[in-house]
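So the chains spell out like this:
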Amino acid sequence: MANINRYQPRSVAPRIEEDLRDKMVFVSGPRQVGKTTLAKRILETRGGVYLLWDNAEDRRDIRKSRWPGQEALVVLDEIHKWRGWKRWLKGEYDKHGDRIGFLVTGSARLDVYRKGGDSLQGRYHSHRLHPLTVAEIEGRSASPAPGSEIEVGRSAGDAVQALMKHSGFPEPLLVGSEKQSRRWHNERHERFFREDVRDLSNVQDLSRLEVLSDMLGERVGAPLSINSLREDLDVSHRAVSRWLEVFERLYHVFRVRPYARRTFRALTKMPKVYMWDSCQVPEEPYRFENLVALHLLRLCHHLQDSEGHSARLHYIRDTQGREVDFLIVVGNKPWFAVEAKLSDAKVDRSLRYFKNKLGIPWAYQVVLNARKDYMEDGVRVVPADRFLGSLV
């Protein structure tokens, strides 16, 4: 079992604490990913109060603005469930921001920009908390510089296998029991639909949403056709599109769109969909691809949230059917491409082709059950634990 502590330090914590010095901080991420634990750890060092919108007493304190009398940090958890939270928070920050720090956490995307007088723009920094990564499990502080080669480090032991079995959510990963992990994931899945979807959307047909979720887990790694989903579910195109947006907003899925530019046209505009909980992907090859996608998305979000870079995650596919799983683009320039494989094999032809065709500086074939690390035709074939452990 990977070396997992009772509390696994999160790499984003120091950046949140730094950002709290001059602005509010919003931390969002999937249900039970560790947002509350992280916030309470930060409270231990700064002092203040934790208020949960779902608790009746805390809700009264929030609505009546009962803040500490001295300088303090106030953590507001799940406050996005209150319809008027943005306008209210703007007023509280403008009035008390000189002595009260606000850390807002939530299991939905905290999309605060709005046209009009109540915009929170300029008053906050945002961070997205992800499931645990190999680097966090190993206690590494890797942070690759955009445009540079990934400095592949030492082996990360069985961290990748633990993530494949239990996902990167702290509780099942900490327990390490396959039986308890299955129970935890089932219970989380049920609560997601019965609580989060019900509370934060107007969707009534929860049974069809659960079927859609199962279908998405089975279609990870393939371009997603909304028409195909619509036919299978016997609903409208608009309904499926809306349900996908709900899933994205609530950190249930994320979409990876095809890469295109003037000199290269993608075969299709269809995105691929990946799950925030990799254990919802039943087949091993696609679960591994999903795990790699999560690590690469974590890197993009780190570059966006903490470093201010314009970083995006894409996949590549052309009219000849050549395809590469992932491409990270920073500032509209390709940085590196990744192909995920279960076992050692020859260098993927499409990966080699697109590296030369698109002028991609670095290309990696990341292998789950790799026996060696080597270079061939400008592509580095590398074990998954070493590569993923070198990301953030």
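Residues numbered from 1 in each chain as written. Predicted model: local features only at pLDDT ≥ 70, side-chain atom pairs only at ≥ 80, totals over all residues. Heavy atoms only, no water.

Examining the sheet that holds strand β5 (residues 124-128)
Note the threshold: Two strands pair if DSSP finds at least two bridges between them. What counts as a helix is a DSSP run of H or I of at least four residues, what counts as a strand is a run of E of at least two, and both are numbered from the N terminus. The axes used here are C-alpha line fits, helices contributing only the stretch in contact, and every angle between their N-to-C directions lies in the interval 0 to 180 degrees.
Spatially, five strands are ordered β2-β3-β4-β1-β5 in an open sheet, and the strand pairing comes out parallel. Whereas interior strands pair on both sides, the edge strands pair on one side only; in this sheet they are β2 (48-52) and β5. Sheet twist, expressed as the average angle between the axes of neighbouring strands with direction ignored, equals 15°. Looking at chain direction, β2 and strand β3 (residues 72-77) are connected through five bridges and run parallel. What sits directly across from Gly48, in β3, is Leu73.

A closer look at the packing of helix α9 (residues 206-218) against helix α11 (residues 237-249)
The following threshold applies: Here roughly perpendicular refers to angles of 65 to 115 degrees, roughly parallel to angles under 35, roughly antiparallel to angles over 145, and oblique to all remaining angles. We call two residues contacting when some pair of their heavy atoms lies within 4.5 Å.
Taken N-terminus to C-terminus, the directions of α9 and α11 make an angle of 75°; their axes are 11 Å apart at the nearest point. What the angle tells us is that α9 and α11 run roughly perpendicular. Contact residues: α9 offers Arg208, Leu209, Leu212, Ser213 and Leu216, while α11 offers Trp243, Leu244 and Phe247.

Some thoughts on the pairing of strand β13 (residues 379-383)
For a regular strand, side-chain orientation follows a simple rule: the groups alternate between the two sheet faces. Stated formally: Three labels apply to residues, based on accessible area from a 1.4 Å probe with only protein chains included: buried if under 20% of the type maximum, exposed if over 50%, partly exposed otherwise in between.
Counting buried positions along β13 yields five of five residues, so the element is predominantly enclosed. Alternating positions in β13 separate into two faces, Val379, Val381 and Pro383 on one and Arg380 and Val382 on the other, with burial throughout. Here strand β11 (residues 362-369) runs beside β13; their pairing, made up of four bridges, is parallel. Looking at β13, one finds that Val366 is bridged to Val382. As paired strands, strand β12 (residues 374-376) and β13 are joined by three bridges and run antiparallel to one another. By the bridge assignment for β13, Tyr374 is matched with Val381.

Considerations on the side chain of Glu323
Which entries qualify depends on this criterion: Counted as a polar contact is a pair of N or O atoms within 3.5 Å, where, for protein atoms, one must be capable of donating a hydrogen and the other of accepting one, and residues adjacent in sequence contribute only when both atoms are in side chains.
With respect to the secondary-structure elements, Glu323 resides in strand β9 (residues 323-330). Engagement of the side chain of Glu323 in a polar contact is seen with the side chain of Lys272, the distance being 2.3 Å. Beyond its immediate sequence surroundings of up to four residues, Glu323 is in contact with Gly221, Lys272, Tyr315, Ile316, Arg317, Glu339, Asp348, Ser350 and Phe354.

Re the nonpolar core
Definition in use: For our purposes a nonpolar core is just a set of buried Ala, Val, Leu, Ile, Met, Phe, Trp, Tyr and Cys residues, chained together by side-chain atoms within 4.5 Å.
In this structure, Leu216, Leu296, Ile328, Phe336 and Phe387 are the most contacted members of the largest nonpolar core, which totals 74 residues. No other element matches helix α12 (residues 284-305), which puts ten residues into this core. When neighbours within four sequence positions are excluded, Ile328 is seen to be in contact with Leu296, Leu299, Cys300, Arg312, Leu313, Lys333, Pro334, Trp335 and Phe336.

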